[in-house]
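Architecture and fold: a report
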Amino acid sequence: MIELYDIIKAPVITEKSAAQGEAGNKYVFWVDPRANKADIRKAVEKIFNVKVTAVNTQRLAGKVKRMGRHSGRRPLRKKAYVTLREGDTIELFAGV
């Protein structure tokens, strides 16, 4: 099993994620691609001391990038959309 602080990589702070946070009490995080929804739920509940009602995930394939004639690939990334119980907030997103 993956450690709690290894599951949640970073918050996604964009205009779209800020609007979702205000409208539907949803927060968006970059997470470890190996983590499943149950792992993400446990990590968010323990780290931020909130109650999670739903977790939706999205896998983003890495793009092929070129530098001259050499090509490489960016890594796979995974996003988690976490919905919290009514009344719960995460202070990290309070000023956004």
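Please refer to the structure placed before this passage.
Reference entry: report on the structure contained in this document. Here the structure is a predicted model, which means the values were calculated and not measured.

**Focus: the overall build of the protein**
- Tallying secondary structure elements over the protein gives three helices and six strands in all.
- For the protein, the spread of C-alpha atoms along the three principal axes comes to 55 × 35 × 20 Å.
- For the protein, the proportion of its 96 residues judged to be buried stands at 34%.
- Contacts spanning at least 24 positions in sequence make up 58% of the contacts within the protein whose residues lie at least 6 apart.
- A total of about 6600 Å² of accessible surface is found on the protein, and carbon and sulfur atoms cover 50% of it.

**Points about the nonpolar core**
- Counting 17 residues, the largest nonpolar core has I7, I8, F29, I40, V44, V82 and L84 as its most contacted members.
- I8 has contacts with F29, W30, V31, A43, V44 and I47, leaving out every residue within four places of it along the chain.

**Remarks on helix α2 (residues 15-24)**
- Buried within α2 we find S17, A18 and G21. Down the axis, α2 shows its buried residues gathered within 105 degrees of arc, on one side only. When the buried face of α2 is taken as reference, the exposed residues oriented beyond 90 degrees from it are E15, K16 and A23.
- With its phi angle positive at about 60 degrees, N25 sits one or two positions after the end of α2.

**As for unusual backbone geometry**
- In this structure, N25 takes a positive phi of about 60 degrees despite not being glycine.
- Of note, the phi angle at N49 is positive, near 55 degrees, even though the residue is not glycine.
- Along the polypeptide, N49 turns up in the loop between α3 (37-48) and β3 (52-60).
- For N49, a relative accessible area of 70% translates into the label exposed.

**Structural notes on the packing of aromatic side chains**
- In total, this model carries one aromatic pair according to the counting rule given.
- On the numbers, 5.7 Å between centres and 25 degrees between planes, the contact of F29 with F48 is stacked. Of this pair, F29 sits in strand β2 (residues 26-31) while F48 sits in helix α3, and the two are 19 residues apart along the sequence.
- Relative accessible area serves as the criterion here: at 25%, F48 is assigned to the partly exposed category.
- In this structure, R77 is placed above the aromatic ring of W30, and the distance from its NZ or CZ to the ring centre is 3.7 Å.

Cut-offs used in this document
Residues numbered from 1 in each chain as written. Predicted model: local features only at pLDDT ≥ 70, side-chain atom pairs only at ≥ 80, totals over all residues. Heavy atoms only, no water. Helix = DSSP H or I, 4+ residues; strand = E, 2+ residues; numbered from the N terminus. Buried < 20%, exposed > 50% of the residue type's maximum accessible area, 1.4 Å probe, protein only. Contact = heavy atoms within 4.5 Å. Areas by Shrake-Rupley, 256 points an atom, 1.4 Å probe, with all protein chains shown as cover. Core = buried A, V, L, I, M, F, W, Y, C linked by side-chain atoms within 4.5 Å. Arc of directions from axis to C-beta. Phe/Tyr/Trp six-rings, centres within 6.5 Å; stacked < 30°, edge-to-face > 60°. Lys NZ or Arg CZ within 6 Å of the ring centre and 35° of its normal.

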